[in-house]
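Below, each chain spelled out in residue letters.
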Amino acid sequence: MSFLKSMAKKVLIFGAPVATYFVGLKRSEEHVHQFTDLLAKSADPKAAEVAVYTFPPSMFAHKVTAYLDYHGIPYTNVYVNPLTKEQLVFSREYKKAPIALISGAQVNDSNVIVETLAKRNFSKTDAATLKIIDDEVVPALYATVFDSFENINAFLSDKPVFFRGVMTVFSPFMAYVSKKRFADAFDTEKLLPALTKAFTAVGNQSTPLPSELALFGALRCTHDVAAVQEVLAACNREAWFEKLSAHCASKSLATII
């Protein structure tokens, strides 16, 4: 009997991850085949479907979806389970969301995805400003989110239930990882100067550049946090935010899976 219990325990310990892997493989392959078929039907960026694999609390993912929403590009937003990442089994080496399938080709990294979409949509790109957003704005935003449980709860208020649960449980670990990743840039006091610098860089364009939409996406992800709203007000960009929010809401052609 003890032998059987021992074997049962081993099956649970080693079998579950294996089962999860193969189930995830099947589901991910289904996603790839489905979206590759859709994307192959059209080379027109306004008509073609785009698949984006995202983690909803990720500001980098929101940089991508903000561009898609603003330009009314149809896309499927596939939420990635951060614990199993079963939706990303098709990506053998790169496992960081967001990942996009554009015209059947896999594109990794939020900035590369945005730049690829911009080229297809005949938009100008601004790599220098995108770097400011990644290196200064996003770290300061994450520092603000993780600054208190109140901020974390506000940040998660509009996220899907599953992701709220995961991030609530793992928030101390995620804060530690973020601090280690962003180093000195992970500082709430740096949010105002970082945003001021980014807004100066994007300027006032009649049609937002990809970098401006990326900045909006990062702020849209965190806008329910009162401290972020206060800094946005200090930059006198509340009207700007509301205008882009309304435009993206009216133009978005997202399908969420």
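Just so we're clear, the structure is a prediction, and the values are computed from it rather than from any experiment.

Visitor: Describe in detail the pattern of salt bridges, supporting the description with residues and values.
Guide: A complete count under the given rule lists five salt bridges for this structure. With its nearest N and O atoms 2.7 Å apart, the salt bridge here joins Asp135 to Lys131. Of the two residues, Asp135 and Lys131 both sit in helix α4 (residues 127-145), four residues apart, roughly one turn of that helix. Here Asp135 falls in the partly exposed class, since its relative accessible area comes to 37%. Exposure remark for Lys131: the relative accessible area of 52% places this residue in the exposed category. As a salt-bridge pair, Lys197 and Glu136 come within 2.8 Å of each other at their nearest N and O atoms.

Visitor: Describe the sheet that holds strand β5 (residues 254-256), listing the residues and the values that go with them.
Guide: In any sheet, the strands associate via hydrogen bonds between backbone groups, in a parallel or an antiparallel arrangement. Strand order in the open sheet formed by five strands is β4-β3-β1-β2-β5, and the pairing between neighbours is mixed. Among the strands making up the open sheet, the edge pair consists of β4 (105-108) and β5. For this sheet, the mean angle separating the axes of adjacent strands, direction not counted, is 20°. Pairing between strand β1 (residues 50-54) and strand β2 (residues 75-79): five bridges, direction parallel.

Visitor: Residues and numbers for the side chain of Ser58, please.
Guide: Within the secondary structure, Ser58 sits in the loop between β1 and α2 (59-70). By relative accessible area, which is 7% here, Ser58 ends up buried. Polar contacts involving the side chain of Ser58 include one to the main-chain amide nitrogen of Ala61, which spans 3.2 Å. Setting aside its immediate chain neighbours within four residues, Ser58 contacts Ala97, Tyr142 and Cys221.

Visitor: Tell me about the nonpolar core, and name the residues and values.
Guide: In a soluble, globular protein the nonpolar side chains are often hidden away together inside. Judged by nonpolar contacts, the single largest core of 59 residues is most densely connected at Leu195, Phe199, Leu215 and Leu219. Once residues within four sequence positions are removed from consideration, Phe199 is found in contact with Leu215, Leu219, Leu232, Cys235, Arg237 and Trp240. Residues Tyr53, Val78, Val80 and Leu101 belong to the second largest nonpolar core, which totals eight residues.

Visitor: I'd like a rundown of a nonpolar patch on the surface, residues and numbers included.
Guide: A contiguous nonpolar surface patch, about 730 Å² in accessible area, is contributed by Leu83, Phe162, Val169, Phe170, Phe173, Tyr176 and Val177. Here Phe162 is to be found in helix α6 (residues 161-182).

Visitor: Give me the lowdown on the confidence of the model for the protein chain, citing residues and values where you can.
Guide: Here the protein chain averages 84 in pLDDT, while 81% of its residues score no lower than 70. With pLDDT under 50 throughout, residues 1-25 is counted as low confidence; its partners more than four residues away or in other chains account for 10 contacts. Segment residues 38-47 is flagged for pLDDT under 50; beyond a separation of four residues in sequence, or across chains, it makes 18 contacts in the model.

Visitor: Give me the lowdown on unusual backbone geometry, citing residues and values where you can.
Guide: Of the consecutive residues Ala97 and Pro98, the connecting peptide bond is found in the cis state with omega at 10°. Along the polypeptide, Pro98 turns up in the loop between β2 and β3 (99-102). Phi at Ala183 takes a positive value of approximately 55°, unusual for a residue other than glycine. Structurally, Ala183 can be placed in the loop between α6 and α7 (191-202). Judged by relative accessible area, which is 37%, Ala183 ranks as partly exposed. Unusually for a residue other than glycine, Asn236 sits at a positive phi of about 60°. Within the secondary structure, Asn236 is located in the loop between α9 (226-234) and α10 (238-251). Under the relative-accessibility criterion, Asn236 is labelled exposed at 68%.

Visitor: Residues and numbers for the packing of aromatic side chains, please.
Guide: Two numbers describe a pair of aromatic rings. These are the distance of the centres and the angle of the planes. Scanning all chains against the criterion turns up nine aromatic pairs. Ring geometry for Tyr53 against Phe90: centres 5.0 Å apart, planes inclined by 55°, an arrangement best described as tilted. Residue Tyr53 is located in strand β1, and its partner Phe90 is located in the loop between β2 and β3; the two are separated by 37 residues in the primary sequence. Across this residue pair, the class does not change: Tyr53 and Phe90 are buried. Cluster of aromatic residues (ring-pair linked, three or more members): Phe55, Tyr79, Phe162 and Phe163.

Rules used in this analysis
- Residues numbered from 1 in each chain as written.
- Predicted model: local features only at pLDDT ≥ 70, side-chain atom pairs only at ≥ 80, totals over all residues.
- Heavy atoms only, no water.
- Salt bridge = Lys/Arg side-chain N within 4 Å of Asp/Glu carboxyl O.
- Helix = DSSP H or I, 4+ residues; strand = E, 2+ residues; numbered from the N terminus.
- Buried < 20%, exposed > 50% of the residue type's maximum accessible area, 1.4 Å probe, protein only.
- Pairing = 2+ DSSP bridges.
- Axes fitted to C-alpha atoms, helices over the stretch in contact; angles between N-to-C directions.
- Polar contact = N/O pair within 3.5 Å; in protein donor to acceptor, adjacent residues only side chain to side chain.
- Contact = heavy atoms within 4.5 Å.
- Core = buried A, V, L, I, M, F, W, Y, C linked by side-chain atoms within 4.5 Å.
- Patch = residues over 30% accessible without salt bridge, like charges linked within 9 Å, V, L, I, M, F, W, Y side chains within 5 Å.
- Areas by Shrake-Rupley, 256 points an atom, 1.4 Å probe, with all protein chains shown as cover.
- pLDDT = per-residue confidence, 0-100.
- Phe/Tyr/Trp six-rings, centres within 6.5 Å; stacked < 30°, edge-to-face > 60°.

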